Amino acid sequence: LLGAEMARVEQMMRDPAWTGAVVVSLPEELSVEETLEVVPLATRSLGRPLVAAFVNRSAARLVGDEASPAWLLALRERVQPAVFESLGRIQADLAGRLRFERRLRGALQGATQRGTFSLDDQLALGSDGSPRGVVTALAASLEAVLAGAA
């Protein structure tokens, strides 16, 4: 009886109509490296591509390619030097995250069934910070992402 149940569960887990795997990465060096290592391993283990890859804490909606964006330069004369320097450091950090995200997207192109998607930083955007709020905001983001990919 136990053997039959285990076989049924294993069959269900291998059926792409019932299950799939996704990978979630941060746009940071170590996380990107680990993700690029695990995707081919997971693909071989499952015998099929992952459903999707998600980039959490994506900076794609926050920054562009310019090293010193116009909005930052416009603030130079309006804020104290320490504030300007802090904003510059934040801009540089976000630009670095964007570079890692682009590297990940390029490397994973065609490696998943649905592609690579950005998730808003759920702790900072659209949530009250509680575990329930984070899960609710994440679920809404995932629904929007998957609806757009269908």
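Notes on the structure in this doc start here.

**Notes on the side chain of S31**
Phase 1 of the analysis: Secondary-structure assignment places S31 in helix α2 (residues 29-46).
Phase 2 of the analysis: Side-chain polar atoms of S31 contact the side chain of S25, separated by 3.0 Å.
Phase 3 of the analysis: Setting aside residues no more than four positions away along its own chain, S31 makes contact with S25 and L26.

**Looking at the sheet that holds strand β3 (residues 116-118)**
Phase 1 of the analysis: The strand order β1-β2-β3 describes an open sheet built from 3 strands, whose pairing is parallel. The strands lining the two open edges of the sheet, one partner per strand, are β1 (22-25) and β3. Direction aside, the axes of adjacent strands within the sheet are offset by 25° on average.
Phase 2 of the analysis: Summarising the sheet, β1 and strand β2 (residues 52-55) pair through 4 bridges and their orientation is parallel.

**Digging into the packing of aromatic side chains**
Phase 1 of the analysis: Going through the model one piece at a time under the given rule, you end up with 1 aromatic pair.
Phase 2 of the analysis: Between F54 and F117, the aromatic rings sit 6.0 Å apart at their centres with planes inclined by 35°, giving tilted as the arrangement. With F54 in strand β2 and F117 in strand β3, this pair connects stretches of sequence that are 63 residues apart.
Phase 3 of the analysis: Exposure remark for F54: the relative accessible area of 6% places this residue in the buried category.

**As for the pattern of salt bridges**
Phase 1 of the analysis: Taken as a whole and judged by the stated rule, the model has 5 salt bridges.
Phase 2 of the analysis: Linking E5 and R8 is a salt bridge whose minimum nitrogen-to-oxygen distance equals 2.7 Å. Of the two residues, E5 and R8 are both situated in helix α1 (residues 2-14); the distance of 3 residues between them amounts to about one turn of the helix.
Phase 3 of the analysis: Judged by its relative accessible area of 37%, E5 is partly exposed.

**What to know about the pairing of β2**
Phase 1 of the analysis: Of the two faces of β2, the one lined by A52 and F54 and the one lined by A53 and V55 are each fully buried.
Phase 2 of the analysis: Between β1 and its parallel partner β2, the chain crosses via α2, and the hand of that crossover is right-handed.
Phase 3 of the analysis: Alignment of β2 against β3, held across 3 bridges, turns out to be parallel. Looking at β3, one finds that A53 is bridged to T116.

**Description of the side chain of T19**
Phase 1 of the analysis: One can find T19 in the loop between α1 and β1.
Phase 2 of the analysis: By relative accessible area, which is 19% here, T19 ends up buried.
Phase 3 of the analysis: Within the local environment of T19, its side chain forms a polar contact with the backbone oxygen of M13, the two atoms lying 2.5 Å apart.
Phase 4 of the analysis: With near-sequence residues (within four places) excluded, T19 lies in contact with M12, M13, R14 and R48.

**Some words on the nonpolar core**
Phase 1 of the analysis: With 8 residues, the main nonpolar core is built from V23, V32, V39, L50, A53, V55, L104 and L108.
Phase 2 of the analysis: Broken down by secondary-structure element, the contributors of at least two residues to this core are α2, β2 and α4 (81-108).
Phase 3 of the analysis: Contacts of L108, omitting those with residues within four sequence positions, involve T35, L36, V39, A53 and T116.

So, how was this worked out
- Residues numbered from 1 in each chain as written.
- Predicted model: local features only at pLDDT ≥ 70, side-chain atom pairs only at ≥ 80, totals over all residues.
- Heavy atoms only, no water.
- Helix = DSSP H or I, 4+ residues; strand = E, 2+ residues; numbered from the N terminus.
- Polar contact = N/O pair within 3.5 Å; in protein donor to acceptor, adjacent residues only side chain to side chain.
- Contact = heavy atoms within 4.5 Å.
- Pairing = 2+ DSSP bridges.
- Axes fitted to C-alpha atoms, helices over the stretch in contact; angles between N-to-C directions.
- Phe/Tyr/Trp six-rings, centres within 6.5 Å; stacked < 30°, edge-to-face > 60°.
- Buried < 20%, exposed > 50% of the residue type's maximum accessible area, 1.4 Å probe, protein only.
- Salt bridge = Lys/Arg side-chain N within 4 Å of Asp/Glu carboxyl O.
- Right-handed = clockwise from strand over helix to strand, strands pointing away.
- Core = buried A, V, L, I, M, F, W, Y, C linked by side-chain atoms within 4.5 Å.

Everything listed is a geometric property; what it means functionally is a separate question.
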